[in-house]
Every structure is written in C-alpha cells, then in structure tokens.
Amino acid sequence: MSSEVSIIGAGNLTVSLLNGIRKIKHTYKINVIDINKKKRSIAKKFNINFFSSYTNVLCKSDLIILMVKPNNYKDVIDSINPFISDRSIVLSFMAGISTEKIKNQIDVNVPVVRCMTNITISNDKSYIFYFVKSFNKHINIKINKFFNKFSKLKKCKSEEEIDKITALYGSGPAYYVYFNQIIRDSFTAMGYKEKEAIDYTNDLISGSANIIKDNKRSDDLIEKIASKGGTTQAALLELNNNKLNNIISKSIIKAYKKSKNILKK
Ligand SMILES: NC(=O)c1ccc[n+]([C@@H]2O[C@H](COP(=O)([O-])OP(=O)(O)OC[C@H]3O[C@@H](n4cnc5c(N)ncnc54)[C@H](OP(=O)(O)O)[C@@H]3O)[C@@H](O)[C@H]2O)c1
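A quick note: this is a predicted structure, and the numbers were derived from the prediction, not measured.

A. Molecular detail of the overall build of the protein. Helices and strands together make up the secondary structure of the protein, namely 11 helices and eight strands. Projecting the C-alpha coordinates of the protein onto the three principal axes gives extents of approximately 65 × 35 × 35 Å. For the protein, buried positions account for 27% of its 265 residues. Across the protein, every contact between residues at least 6 apart in sequence was considered, and the portion connecting residues at least 24 apart equals 66%.

Okay, here's the thing in structure tokens:
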C-alpha cells in the first residue's frame, strides 16, 4: 500500500515542492487541498489529486503539510480537525507560527514538525530544515523517507533556529533576486535593451554562483576580480563607504524579528 501525503495550500511554495518531487521516482499518493478552485490545474501538471474542500483523504495521510499563509493557520487547522487521525504527522512550513500555537489548535495529539525551505526546492536538492519538540525514531523515519529523495534534510536543535533559518534561507532567494534587479536596471540605465539586460544579468548571476561554489574564501575571490586602483575596487569602495553590509545585515535581523512574531501588526 502506498503512503499518502496531503498538502494544504496550492501556492508558490507548494508548486516549487511539487516541481522538486516530480523529478524523482516515488510511490507516494499526493493530495493537495486548496479552497481556490482555480488551482485545480496543478492536478494534471503534477499528476496529483486536487480537492477544493477538506475531505477524508486527510484521515489516511501519513504526512499533512501546511503550506498556507501564516494568518490562515487557525482557519486551516479548524478545517483539518474533523479529519485528522493519530497516524498523521503535521508538518508546517508557515513562517513564524510556533509549534505551540499549532499544537494548541489541533484537536488530536499528533507530532507537529516545524519546517523551513525556500522556493529553490523546485530545482536541485535544496535544504529542508526541521524541528520537532519530542523527537522519536518513528517521526524521523517517516520524514526522511519522503523528503530525503528530493531535498537535503537538516534537523534543528531549537525552534529559534527555524526562525533564524526563515530570515536567512526562507527569504534568502529574494535578497539575491533584489540584487539581480539592481544590476539589470543598471544595464538598462546604461542604454542596453531590456532583453539584453536580462540575458547579461542572468548570465552574471549564474556564472558568479558557480565560481562561488568552487572558491571557499570570498576574500580571495574578490581579490581575483578587483585589482588595486581598478574599476571593481572603485565600486566596492563606494559600497563599503555607504555601509551596504550594515544595511543588509540589519535587514536580515528585521526579517528574523518578524519571523519570531509574524502575526503582530
Ligand atoms: N513563498 C516562499 O518563498 C516561502 C518560503 C518559505 C516559507 N514559505 C511559507 O510557506 C507558506 C505558503 O507560502 P506561499 O508563498 O506558497 O503562499 P501562497 O502562494 O499564498 O499559497 C497559499 C495558498 O493557500 C490557499 N489558501 C488560503 N486559505 C486556505 C484555506 N483555508 N485552505 C486551503 N488553502 C487555502 C491560497 O489561496 P488564495 O490564493 O486564493 O488565497 C493559496 O493558493 C507561508 O506560510 C510562508 O510563510 C514560503
């Protein structure tokens, strides 16, 4: 009998996850529940079952994965409560909603696992970080069996670590995309057509990612690019004088603080 996994919410992160899953061979029956009927098109694309209302597929699910916005967490858990059985493990990818909050909302005493990843889970084996309060072998086996096939699993020692990872890794791709946008806009500001700007910028970012992988020390790498008194050094000096490093560090701290108290207005 194949195991069942149910995912609640058919948004951005779910689509990324399904893209990652479809690249591997597996025997799981995957259900996605989203109250937005328009999301049904993902069923055919990913060969999964789609439901626009909460159903008893949840009773048979080994893993129930919550991938809805944090402010929807109460409604969603109230909706799964009538169907949840004690065979399930609930995994939440929602930023900033603590295990305690989730556990308090669920009627049945099931293991709750806080997880974090990012949108790159669609490509290569990205990390999935997870934390569970009362860890046991049974939970570990079930989680590993499913996620290990298409991701790198990393167990966190504390729930606080998940909040840090949310700011660093969960939001992380947006920081790189933001920087990418600045470079692309600089190409167009200097007269390049938009198509060229996109092509050259994307080539820069993927090429740079590759050389970063091959060079452990970023100082050495920068030294290879920036010669004394040269163009790169002029730009880096300007970035340092304007304390860009401080701005970026402070921004990540803001994200971390938000992840600790996401529902606070
Ligand atoms: N996106 C990322 O890069 C990322 C990275 C790390 C963690 N996360 C976490 O992952 C979670 C999902 O993020 P996302 O970007 O995928 O969000 P999203 O694109 O907004 O997807 C959420 C989906 O859930 C649906 N939904 C709303 N209420 C529901 C309900 N009661 N029952 C079932 N489905 C419901 C939404 O429908 P409507 O569109 O009609 O509202 C939407 O399709 C968030 O908690 C976020 O913190 C996201």
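More follows now that the structure is in view.
B. Here's a closer look at the site of the ligand. Around the ligand sit 26 residues, and of these Gly 9, Gly 11, Leu 13, Met 94 and Ala 95 come closest. For the shell around the ligand, the secondary-structure elements that each account for two or more residues are helix H1 (12-21) and helix H3 (73-80). A breakdown of the residues in the shell around the ligand according to their chemical character gives 13 nonpolar, nine polar and four charged.

C. Looking closely at the sheet that holds strand E2 (residues 29-33). The strand order across the open sheet formed by eight strands is E3-E2-E1-E4-E5-E6-E7-E8, and the pairing between neighbours is mixed. Every interior strand has two partners, whereas the edge strands, strand E3 (49-51) and strand E8 (152-155), have only one. When strand polarity is set aside, the average angle formed by the axes of neighbouring strands in this sheet is 25°. Here strand E4 (residues 63-66) runs beside strand E5 (residues 89-92); their pairing, made up of four bridges, is parallel. Across the sheet, Ile 64 pairs through a bridge with Val 90, a residue of E5.

D. Inspection of the nonpolar core at higher detail. Within the largest apolar cluster, 46 residues are counted, with the highest numbers of intra-cluster contacts made by Ile 8, Ile 65, Leu 66, Met 67, Phe 93, Cys 115 and Tyr 130. Residues within four places of Phe 93 in sequence aside, it is in contact with Leu 13, Ile 65, Leu 66, Met 67, Cys 115, Met 116 and Thr 117.

E. Local environment of the packing of helix H6 (residues 159-170) against helix H11 (residues 244-260). At a closest axis distance of 8 Å, the pairing of H6 and H11 adopts a crossing angle of 135°. When the axis of H6 is compared with that of H11, the two are oblique. With respect to the hand of their crossing, H6 and H11 are arranged in right-handed fashion. Taken together, the residues of H11 that come into contact with H6 (itself represented by Asp 163, Lys 164, Thr 166, Ala 167 and Leu 168) are Ile 252, Ala 255, Tyr 256, Ser 259 and Lys 260. Split into classes, the residues belonging to the contact of H6 with H11 amount to five nonpolar, two polar and three charged.

F. Layout of the pairing of E5. With H3 bridging E4 and its parallel neighbour E5, the resulting β-α-β unit is right-handed. In this fold, E5 hands off to helix H4 (residues 99-105), which returns the chain to strand E6 (residues 112-116); that crossover is right-handed.

G. Broad picture of the environment of Arg 184. With respect to the helices and strands, the residue Arg 184 is situated in helix H7 (residues 172-189). The class of Arg 184 is buried, set by 21 C-beta atoms lying within 10 Å. Each C-alpha atom, one on Arg 184 and one on Ser 98, is 38 Å from the other, the two residues being 86 residues apart in sequence. In this view, Arg 184 contacts Ala 197, Ile 198 and Thr 201; residues no more than four positions away in its chain are not counted.

H. The arrangement of the domain arrangement of the protein in detail. Taken domain by domain, the protein consists of domain 1 (4-156) and domain 2 (172-260). Between the C-alpha centres of domain 1 and domain 2 the distance comes to 34 Å. At the junction of the two partners, domain 1 supplies five residues and domain 2 supplies five residues. For the side of domain 1 that touches domain 2, a count of residues per class yields two nonpolar, three polar and no charged.

I. Local environment of unusual backbone geometry. Residues other than glycine seldom take positive phi values, yet Asn 47 does so here, at roughly 55°. Within the fold, Asn 47 resides in the loop between helix H2 (42-46) and E3. With 11 C-beta atoms counted inside 10 Å, the residue Asn 47 sits in the exposed group. Positive phi outside glycine occurs at Lys 243, with the angle close to 55°. Tracing the backbone through its elements, the reader meets Lys 243 in the loop between helix H10 (231-241) and H11.

Calculation notes
Residues numbered from 1 in each chain as written. Predicted model: local features only at pLDDT ≥ 70, side-chain atom pairs only at ≥ 80, totals over all residues. Helix = DSSP H or I, 4+ residues; strand = E, 2+ residues; numbered from the N terminus. Buried ≥ 20, exposed ≤ 12 C-beta atoms within 10 Å, placed from the backbone. Contact = placed C-beta atoms within 7 Å. Near = placed C-beta within 6 Å. Nonpolar A, V, L, I, M, F, W, Y, C, P; charged D, E, K, R; others polar. Pairing = 2+ DSSP bridges. Axes fitted to C-alpha atoms, helices over the stretch in contact; angles between N-to-C directions. Core = buried A, V, L, I, M, F, W, Y, C linked by C-beta atoms within 7 Å. Parallel < 35°, antiparallel > 145°, perpendicular 65-115°, else oblique. Left-handed = near helix turned anticlockwise from the far one by under 90°. Right-handed = clockwise from strand over helix to strand, strands pointing away. Domains from an automatic or database assignment.

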